[in-house]
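Close look at the chain arrangement
What follows is the residue order along each chain.
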Amino acid sequence: MTKEIYLTGDRPTGKLHIGHYIGSLKNRVEMQNSGNYDSFVMIADTQAFTDNARDPEKIRNSLTEVALDYLAVGLDPKKTTIFVQSQIKGLFELTEYYMNLVSVARLQRNPTVKAEIQQKGFGESVPVGFFTYPVSQAADITIFRAQKVPAGDDQEPMIEQARELVRSFNSAYHTDTLVEPEGVFPPNGLGRIPGIDGNAKMSKSLGNAIYLSDDEDAVAKKVKQMYTDPKHIRVEDPGHVEGNVVFTYLDIFDPDKKHVADLKDRYMHGGLGDMKLKKHLIDVLENELKPIRERWQMFAQDIPAVLQMLKNGSDHANEVAEATMTKVRRAIGVNYFDGLK
């Protein structure tokens, strides 16, 4: 059976949190273990430089943290090629070719880029690299001829832009060298989970995240700080479930859906206190995160081995990427010296 190729990744700008886990990481592990895919997972350090160029130490330190998070959730280097973006030289070349096939106006219409430029407060000072990162991301996906891209819902415009660039390239150079990718998105409602403060997005920069490597005390402390219903002051007061972050997390993480439904009913009718509810969520999260945390701590005892794993993965990824670039250069016609001995 011919396996499909999947590619996805994360920027190394800090530890990964449970939003990443639910939104993408869990899905990647399931796809890896299905045996139906050749799996590529990238630590996107080049992309991280687009808004952290003056803080390379942050990226370097985060590289191993992200690698540990990958290993801890169950990504297996024997089944998945885990590699570092900056080590794949063909990506820079393919990005440059793509730059000539997309307009500034098209990049300006990308809603994900527009939202992130606004969120980061760049204004007119947006770095060129950041503005054009959808082009770089298209190169990441297509240089490995990936058919599937597991990603969060907010990445759908990026994948559509990659599809457009593939069509433009294949049309311009009369070839079928590159493959149009398809996004693989989490089930409805799991694409993005709120932060502990009730903000619609859990984010490292907002300081409202529960990290995969957080210890038990840190998780408990963060759950106790969670936004619930500000009008639910006394235990006997009827409470609101909608917008209550604790119930949002229980809907996602508690496998006992009947019990969650019972808790909601009790809360809405009065008789269930916020602290008792939060203690239950702490138990549910601990059940999910404890094995991840234990694996994280185990792998963290040998960082040189983790770095060697990344080098091995990058070496293999380079071989795959170079095979694609040989075809790309031939399609464009820049293989000037192929006939020379």
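For the structure itself, consult the block above.
Please read all numbers here as calculations on a predicted model, not as lab measurements. (Residues numbered from 1 in each chain as written. Predicted model: local features only at pLDDT ≥ 70, side-chain atom pairs only at ≥ 80, totals over all residues. Heavy atoms only, no water.)

On to the packing of aromatic side chains, then. Summed over the entire model, instances satisfying the criterion amount to 10 aromatic pairs. Relative to phenylalanine 130, the ring of phenylalanine 122 lies with its centre 5.1 Å away and its plane at 65 degrees, an arrangement referred to as edge-to-face. Phenylalanine 122 sits in the buried class, given a relative accessible area of 19%. An aromatic cluster is present here, built from Phe40, Phe83 and Phe144 joined pairwise through their rings. (Phe/Tyr/Trp six-rings, centres within 6.5 Å; stacked < 30°, edge-to-face > 60°. Buried < 20%, exposed > 50% of the residue type's maximum accessible area, 1.4 Å probe, protein only.)

Under the criterion given, the structure shown has 18 salt bridges. Linking lysine 26 and glutamate 288 is a salt bridge whose minimum nitrogen-to-oxygen distance equals 3.5 Å. Of this pair, lysine 26 sits in helix α1 (residues 18-34) while glutamate 288 sits in helix α13 (residues 274-299), and the two are 262 residues apart along the sequence. Lysine 26 gets classed as partly exposed once you look at its relative accessible area, which sits at 33%. Across the pair aspartate 315 and lysine 311 runs a salt bridge, and its minimum N-O distance is 2.9 Å. On the criterion of helical spacing, the pair formed by aspartate 315 and lysine 311 is a turn pair, its members being 4 residues apart in helix α14 (residues 303-332). (Salt bridge = Lys/Arg side-chain N within 4 Å of Asp/Glu carboxyl O. Helix = DSSP H or I, 4+ residues; strand = E, 2+ residues; numbered from the N terminus.)

What follows concerns the nonpolar core. If you look at the biggest cluster of nonpolar residues, it comprises 56 residues, and the most contacted ones within it are Ile210 and Tyr249. Each residue touching tyrosine 249, except ones within four places of it in the same chain, is listed here: Ile18, Ile193, Pro194, Gly195, Ile196, Met202, Ile210, Met226, Asp254 and Leu281. Grouped together as the second largest cluster of nonpolar side chains are 39 residues, Ile88, Ile143, Ala146 and Val166 included. (Core = buried A, V, L, I, M, F, W, Y, C linked by side-chain atoms within 4.5 Å. Contact = heavy atoms within 4.5 Å.)

Time to look at helix α3 (residues 56-73). Between its terminal C-alpha atoms α3 stretches 26 Å, which fits the 26 Å expected from 18 residues at 1.5 Å a residue. A maximum bend of about 25 degrees is found in α3 at serine 62. Turning to α3, its buried residues number three or more, namely Ile59, Ser62, Leu63, Thr64, Val66, Ala67, Leu68, Asp69, Tyr70, Leu71, Ala72 and Val73. In the stretch just after α3, glycine 74 is the one whose phi turns positive, near 120 degrees. (Expected span 1.5 Å × (residues − 1). Bend = angle between axes of the 7 residues up to and from the residue.)

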